[in-house]
Amino acid sequence: MLASVTVTNASDVFNGDTSSIASLIANDGGDGIALREAILAGNNDAGADTILFDAGLDGATISLVAGEMAIFEAVTIDASGLTSGLTIDAQRNSRIFNITATTGDFAIAGLTITGGRTRLEDASGGAIRSLTDGNLTIDQSTISGNSTWGDYAKGGGIYAGGGPFTRGDVTLINSTVSGNSTAGESAYGGGISANHNVTLTNSTVSGNSTAGESAYGGGIYAGDNVTLTDSTVNGNRTSGSSADGGGIFAWGDVTLTNRDRKSVV
């Protein structure tokens, strides 16, 4: 059953009843509903849920103190109703979202995602790691200042991939991925690393980097196609032997559409 829950507490706590969204709404622990609680409750509800934010959190920052937030079910985390949006800061202690739902899509809107970091071999996704075969959509959001460190630790900002049966694509709409990085051998995609397709519409990927042997795609690494519409990819770089594609490295086609004379690579 689809459900919706509104976050009212900017602290990173989990003392409410997270056995379901209905249970959390009925018993929030006395201090409102935190984002982590809403995600935990959503994991226990079958079907795609929606997490919204109370107007009192406009411009607030959620500082993670309990590590990454694991997501097992399809969900939309939507702060687009807030005038100044909302920031989630991992304070360089962990990644932010680890998505392992077997089916369904994941979307965020109106968020700034920052301070995510991983520091182990093959620990991909400094801010967001998606191992689902559903699609990952970033709308009206900023992914900045995140990183991975370690061989095969791909996607300083965003990683979408996994095994041969995960086919999820990454889509950015009116969003920015900037100042993210990877470091390590084959640590692809300083900004975005996706096993399949990456699509940008009216979005920017800038100032991202990779460092290491065969660390392809300073801005974007894609196992399939990259499609840019009215978007900008600039100021990204790679360093290291065979580290190709400072801006974009794609095994498929790169398509640039410039409807409003905005697209730059």
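The preceding data block contains the structure.
Residues numbered from 1 in each chain as written. Predicted model: local features only at pLDDT ≥ 70, side-chain atom pairs only at ≥ 80, totals over all residues. Heavy atoms only, no water.

Caption draft 1: Focus on unusual backbone geometry. Within the chain, Asp-122 stands out as a residue other than glycine whose phi angle is a positive 65°. With respect to the secondary-structure elements, Asp-122 resides in the loop between strand S10 (117-118) and strand S11 (128-130). Here Asn-174, not a glycine, exhibits a phi torsion of approximately 50°, which is positive. Mapped onto the elements, Asn-174 comes out in the loop between strand S16 (170-173) and strand S17 (176-178). (Helix = DSSP H or I, 4+ residues; strand = E, 2+ residues; numbered from the N terminus.)

Caption draft 2: Structural detail: the sheet that holds strand S18 (residues 181-183). Strand order across the open sheet formed by five strands is S10-S14-S18-S22-S26, with parallel pairing between neighbours. In the strand order of this sheet, the two ends are held by S10 and strand S26 (237-239), each with one partner. Across three bridges, strand S14 (residues 147-149) lies against S18 in parallel orientation. Across the sheet, Ser-147 pairs through a bridge with Ser-181, a residue of S18. (Pairing = 2+ DSSP bridges.)

Caption draft 3: Focus on the sheet that holds strand S8 (residues 106-109). Reading across from one edge, S1-S2-S5-S8-S12-S16-S20-S24-S28 is the order of the nine strands in this open sheet, with parallel pairing throughout. The open sheet terminates on both sides in strands that have one partner only, identified here as strand S1 (4-7) and strand S28 (254-257). Neighbouring strand axes in the sheet, compared pairwise and without regard to direction, differ in orientation by 10° on average. For strand S5 (residues 75-78) and S8, the ladder comprises four bridges, and the chain directions are parallel. (Axes fitted to C-alpha atoms, helices over the stretch in contact; angles between N-to-C directions.)

Caption draft 4: Region of interest: the side chain of Asn-180. Here Asn-180 shows up in the loop between S17 and S18. The class of Asn-180 is buried, set by a relative accessible area of 1%. Only 3.1 Å separates the side chain of Asn-180 from the backbone oxygen of Ser-178, close enough to count as a polar contact. The contact partners of Asn-180, leaving out residues within four places of it in the chain, are Ile-143, Ser-144, Gly-145, Asn-146, Gly-156, Gly-157, Gly-190, Gly-191, Gly-207, Asn-208 and Ser-209. (Buried < 20%, exposed > 50% of the residue type's maximum accessible area, 1.4 Å probe, protein only. Polar contact = N/O pair within 3.5 Å; in protein donor to acceptor, adjacent residues only side chain to side chain. Contact = heavy atoms within 4.5 Å.)

Caption draft 5: Spatial organisation of the pairing of S8. Residue alternation in S8 divides its side chains into two sets, Phe-106 and Ile-108 and Ala-107 and Ala-109, and both sets are buried. Taken together, the four bridges between S8 and strand S12 (residues 136-139) define a ladder with parallel strand orientation. Bridging from a neighbouring strand, Ala-109 pairs with Asp-139 of S12.

Caption draft 6: Broad picture of the nonpolar core. Membership of the largest hydrophobic core comes to 52 residues, with the highest contact counts inside it found for Phe-53, Ile-77 and Phe-97. It is helix H2 (residues 35-43) that contributes the most residues to this core, four residues altogether. (Core = buried A, V, L, I, M, F, W, Y, C linked by side-chain atoms within 4.5 Å.)

Caption draft 7: Seen up close, the side chain of Thr-148. With respect to the element layout, Thr-148 can be found in strand S14. Looking at Thr-148, its side chain comes within polar contact range of the main-chain oxygen of Ala-153, at 2.6 Å. Ignoring anything within four residues of it in the chain, the contact list for Thr-148 reads Thr-118, Ala-123, Ser-124, Gly-125, Gly-126, Ala-153, Lys-154, Gly-155, Gly-156, Ser-181, Thr-182 and Ala-183.

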